Amino acid sequence: MNGLNEIQFFRKIGLKLILIVSLTVVSIIGVNAYFKINFQSNCLLAEVERHANQLSETIKNSTRYGMLLNQREYVDEIVKTIGQDKTIDNIRIYNKEGRIIYSSNPKDLGKMLDKKAESCYACHAENKPLERLPIKQRTRIFKLGDKNPRIMGIINPIYNEKSCYEAECHAHPENASVLGVLDITISLEEIDATIKRNEIQELIFTIVSILAIGIIISIFVKRWVDRPVKELIKATNQIAAGNLTYEIKEIGNDELGYLAKSFNNMTKKLYETQQQLFQSDKMASLGKLAAGVAHEINNPLTGVLTYSSYLMKRAKDNPELQEDLQVIVRETMRCRDIVRSLLDFSRQSSPKKNLININEIIERTESVAHNQLSLNNIKLTKILDSNLPQIAADQNQIQQVLLNLILNAIDAIGNEGGEIVIKTKQLTLPPKGYTHIKAALCPKNHNLIDNENKIAGMSSIRVKLKSGENEGPVFIDPIYGRSQHYFGIPIEKNSHASIHCPVCDVSLIDRNSNCPVCGGPVFKFEVPGKGYVEMCASFNDDWQKWERIDNAGARKFVEIEISDNGCGIPQEHLSRIFEPFFTTKGQKGTGLGLSVVWGIIDNHDGSISVKSEPGRGTTFSIKLPAENYE
């Protein structure tokens, strides 16, 4: 697989993002430009319309006195003088019959206009003239030819007044409403040129904006999407080729960056699992070899036992010889039991839980480890509770756990002699203080479990704390009810901190709840399938609530304690002893034993803890549930 090179150019996610965003930008800018140009055009035309209407009123008022005195030359001079303005196309005054009696263009004088002409249609559209029209209906825009500029015309009726129908010169009937019409037409050539310039400017601005945004988007898509995706594809190809040590470089703090970190964690765990499998294969091979040897030993032991028993029957009259033969028979039977236990233990079987007695498993494990205990002069003391209830467990796996811990204790004591003490007892424990929170999600389903930062050997729950101007991580103790939290930043007492998801920054604060102890805010996270865990967000107290677990009440457990008086484990190593490949034995250890022990106990819904003091010894404590057998 060649990776990204196999993907056709037009199918690449970067190109799709650029096209989608570019089309969106084009649509938005295009619609904006369209409405903007229309708005500017309407504003310009409205301004011309207002100007034309004011000019019409000015002419009508200027000619009123001349018309009352019938001073035609005076009126005509006013019309012609104003009509000389280059922006004015024509000024005409019609009488009530539709004849042009004044005009800035002398050729129009005396002409009759048709009522269906563009200047008359608005008033005479219904076969009778309208006496009053709003300015919008008195305004018209038209062209005299395809190649000529647009023209705006506005008509202004000249209404009959008392001074008109009482004048001695040319009195009009009192019942006449409209005596004539003043019509002004103004060229829109400059306005159209301005609109055209605005359209060209908007078009240039739109093209430049689209190109600029496209280039910017291309740069950022290449940097934030294309490069990380290429790096991820390269990494997957490396993993597919078997290179489990390949690590993606830092590619950001966004979702792809988080994916890269998760990918690195995954490859790291795959590599560790691969090494563990290699080591397991070696151990399995050694186990098969040991099983074969044990099987071969078992046959001669059977012969020794048979003949020893036969000789005992024949030596009834020789007590001294019979006593020696009894020792031989007893020790041979013990060897046979050891070999049988070794064979049972080496047989591979799928984990299967049945009701077992822990004390019996301890006795069986002791017989397997008896020789090593004797060789190292180690005394094994058992303080077993005879009233222990049976538990649901895989006896082979539990025996593997016990044997591993006993062998570790033998290594810690050395060959100078010492003591191992195994205790069992029944416990009834409340949910707080032992229930392990193994999964935690934010409201957007981001994983809050941090496998890198552990508390007492267990993966912590990572959240982001914002206190005043400070911001940093908080690693929550994964044991419900325990408060061995680790704060990445200083937090002031009685300060109302804000708790967020470290991935998406969504708030974990529950707005509907307050801490019943201090009254401060409460934050919560989801445990899939088991409800929500709530905690005090101000960390002034240790209040916690897990309703589903609390309602279940106290549970019964069987506790197994394995103590030794060996060299102990340094405090700085205690948090790592359950990690795969971590060992304190140097070249002698594989670093797999305790990690396997942890996995087995965890699969049995139990818990394991360790206490140790260098020079004084170590105690491992295992708690297994004594209920809910399925």
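As a reminder, the structure under discussion sits directly above these lines.
These numbers were taken from a predicted model, which means no experiment stands behind them.

**Some details on the overall build of the protein chain**
Working step 1: From N to C terminus, the protein chain includes 13 helices and 21 strands.
Working step 2: A burial count over the protein chain gives 39% of its 630 residues as buried.
Working step 3: Long-range pairs, those at least 24 residues apart, make up 63% of the contacts in the protein chain with a sequence separation of at least 6.
Working step 4: For the protein chain, the computed accessible surface area is about 37000 Å², with 53% contributed by carbon and sulfur atoms.

**Observations concerning the environment of Asn 447**
Working step 1: Note that Asn 447 resides in the loop between strand E9 (418–429) and strand E10 (449–455).
Working step 2: Here the alpha-carbon distance between Asn 447 and Cys 501, two residues 54 residues apart in the chain, equals 9.1 Å.
Working step 3: Contacts of Asn 447, omitting those with residues within four sequence positions, involve Tyr 258, Ala 440 and Leu 441.
Working step 4: A polar atom in the side chain of Asn 447 sits 3.1 Å from the backbone nitrogen of Ile 449.

**With respect to the pattern of salt bridges**
Working step 1: On inspection of all chains with the given rule, the structure shows 21 salt bridges.
Working step 2: Residue Glu 47 is joined to Arg 50 by a salt bridge in which the shortest nitrogen-to-oxygen separation is 2.4 Å. One end of the pair is Glu 47 and the other is Arg 50, both in helix H1 (residues 13–68) and 3 residues apart, which spans about a single turn.
Working step 3: The salt bridge partner of Arg 462 is Asp 450, with a shortest N-O separation of 3.6 Å. Linking Arg 462 in strand E11 (residues 458–467) with Asp 450 in strand E10, this pair joins segments that are 12 residues apart in sequence.
Working step 4: Owing to a relative accessible area of 31%, Arg 462 belongs among the partly exposed residues under this scheme.

**Some details on the side chain of Ser 459**
Working step 1: You can see Ser 459 is positioned in strand E11.
Working step 2: The class for Ser 459 is buried, based on a relative accessible area of 17%.
Working step 3: A distance of 2.8 Å separates the side chain of Ser 459 from the side chain of Asn 451, its partner in a polar contact.

**A short note on a nonpolar patch on the surface**
Working step 1: Taken together, the side chains of Ile 215, Ile 216, Ile 219, Phe 220 and Trp 224 make up a nonpolar region of the molecular surface, amounting to roughly 510 Å² of accessible area.
Working step 2: Relative to the helices and strands, Ile 215 resides in helix H6 (residues 189–240).
Working step 3: By relative accessible area, Ile 215 is classed as exposed at 52%.

**What to know about the packing of aromatic side chains**
Working step 1: Scanning all chains against the criterion turns up 6 aromatic pairs.
Working step 2: Look at Phe 475 and Tyr 486: their rings are 5.8 Å apart centre to centre, the planes differ by 25°, and that puts the pair in the stacked class. Pair noted here: Phe 475 is in strand E12 (residues 470–476) and Tyr 486 is in strand E13 (residues 486–487), with a separation of 11 residues, a long-range link.
Working step 3: On the accessibility criterion, Phe 475 (7% relative accessible area) is buried.
Working step 4: Grouping aromatic residues by their ring pairs yields a cluster made of Phe 487, Phe 523 and Phe 539.
Working step 5: Stacked on the ring of Tyr 532, the Lys or Arg Lys 524 has its end atom at 4.7 Å from the ring centre.

**What about unusual backbone geometry?**
Working step 1: Despite not being glycine, Asn 445 shows a phi value in the positive range, around 65°.
Working step 2: Here Asn 445 falls in the exposed class, since its relative accessible area comes to 55%.
Working step 3: Phi at Phe 539 takes a positive value of approximately 55°, unusual for a residue other than glycine.
Working step 4: Inspection of the secondary structure assignment puts Phe 539 in the loop between strand E17 (532–536) and strand E18 (544–546).

**Points about helix H9 (residues 358–375)**
Working step 1: Taking 1.5 Å per residue as the helical rise, H9 with its 18 residues ought to reach 26 Å, and the 26 Å between its terminal C-alpha atoms agrees with that figure.
Working step 2: Along H9, the largest kink reaches about 55° and is centred on Ala 369.
Working step 3: Among the residues of H9, the N-terminal cap falls to Asn 357, whose side-chain oxygen and the backbone nitrogen of Asn 359 are separated by 2.8 Å.

**With respect to the nonpolar core**
Working step 1: Judged by nonpolar contacts, the single largest core of 43 residues is most densely connected at Ile 358 and Ile 420.
Working step 2: When sequence neighbours within four positions are dropped, the list of residues in contact with Ile 358 reads Leu 388, Ile 391, Ile 398, Thr 424, Val 558, Ile 560 and Leu 624.

**Some points on helix H10 (residues 395–413)**
Working step 1: With 19 residues, H10 should cover 27 Å at 1.5 Å per step; its first-to-last C-alpha distance of 27 Å lies within 8% of that length.
Working step 2: N-capping of H10 is provided by Asp 394, with a side-chain oxygen placed 3.0 Å from the backbone N of Asn 396.
Working step 3: Looking one or two places after H10, you find Gly 414, whose phi comes out positive at around 85°.

**Some details on the sheet that holds strand E4 (residues 151–159)**
Working step 1: What the 5 strands build is an open sheet, ordered E2-E1-E5-E4-E3; its pairing is antiparallel. With one partner strand each, in any of the chains shown, strand E2 (100–103) and strand E3 (139–142) form the two edges of the open sheet. The average angle at which neighbouring strand axes cross in this sheet is 20°, direction not considered.
Working step 2: For E3 and E4, the ladder comprises 4 bridges, and the chain directions are antiparallel. Each residue of the ladder has a partner; that of Phe 142, found in E4, is Ile 151.
Working step 3: Taken strand by strand, helix H2 (residues 72–83) contacts strand E1 (88–95) and E2, and its axis lies near 50° from that of E2.

**Remarks on the state of the cysteines**
Among covalent bonds in proteins, the disulfide is the one between the sulfur atoms of two cysteines.
Working step 1: Going through the model one piece at a time under the given rule, you end up with 0 disulfides.
Working step 2: Unpaired in this structure, Cys 501 has its nearest cysteine sulfur neighbour in Cys 442, at a distance of 3.7 Å.
Working step 3: Cysteine Cys 515 remains unbridged, with the sulfur of Cys 518 as its closest cysteine sulfur at 3.7 Å.
Working step 4: For Cys 515, a relative accessible area of 3% translates into the label buried.

**Digging into the pairing of strand E20 (residues 607–613)**
Working step 1: Only one face of E20 is covered, namely the face carrying Ile 608, Val 610 and Ser 612; the face carrying Ser 607, Ser 609, Lys 611 and Glu 613 is uncovered.
Working step 2: As judged from the 7 bridges shared by E20 and strand E21 (residues 617–625), these two strands associate in the antiparallel manner. Residue pairing for E21: Ile 608 is matched across the bridge by Ile 622.
Working step 3: Hairpin connection of E20 to E21: 3 residues between the antiparallel strands, including Gly 615 at a positive phi of 90°.

**Side note on the pairing of E1**
Both faces of the sheet carry side chains from a regular strand, because those side chains alternate between them.
Working step 1: Burial analysis of E1 places 7 of its 8 residues in the buried class, which makes it a mostly covered element.
Working step 2: Of the pairings in the sheet, the one linking E1 to strand E5 (residues 178–187) comprises 7 bridges and is antiparallel in character. Each bridged residue has a counterpart across the sheet, and for Asn 95 the counterpart in E5 is Gly 180.
Working step 3: Inspection of the sheet shows E1 paired to E2 by 3 bridges, in the antiparallel sense. Looking at the pairing, Tyr 94 lines up with Ile 100 of E2.

Rules used in this analysis
Residues numbered from 1 in each chain as written. Predicted model: local features only at pLDDT ≥ 70, side-chain atom pairs only at ≥ 80, totals over all residues. Heavy atoms only, no water. Helix = DSSP H or I, 4+ residues; strand = E, 2+ residues; numbered from the N terminus. Buried < 20%, exposed > 50% of the residue type's maximum accessible area, 1.4 Å probe, protein only. Contact = heavy atoms within 4.5 Å. Areas by Shrake-Rupley, 256 points an atom, 1.4 Å probe, with all protein chains shown as cover. Polar contact = N/O pair within 3.5 Å; in protein donor to acceptor, adjacent residues only side chain to side chain. Salt bridge = Lys/Arg side-chain N within 4 Å of Asp/Glu carboxyl O. Patch = residues over 30% accessible without salt bridge, like charges linked within 9 Å, V, L, I, M, F, W, Y side chains within 5 Å. Phe/Tyr/Trp six-rings, centres within 6.5 Å; stacked < 30°, edge-to-face > 60°. Lys NZ or Arg CZ within 6 Å of the ring centre and 35° of its normal. Expected span 1.5 Å × (residues − 1). Bend = angle between axes of the 7 residues up to and from the residue. Core = buried A, V, L, I, M, F, W, Y, C linked by side-chain atoms within 4.5 Å. Pairing = 2+ DSSP bridges. Axes fitted to C-alpha atoms, helices over the stretch in contact; angles between N-to-C directions. Disulfide = S-S within 2.5 Å.

Geometric descriptors of this kind do not, in isolation, establish any biological role.
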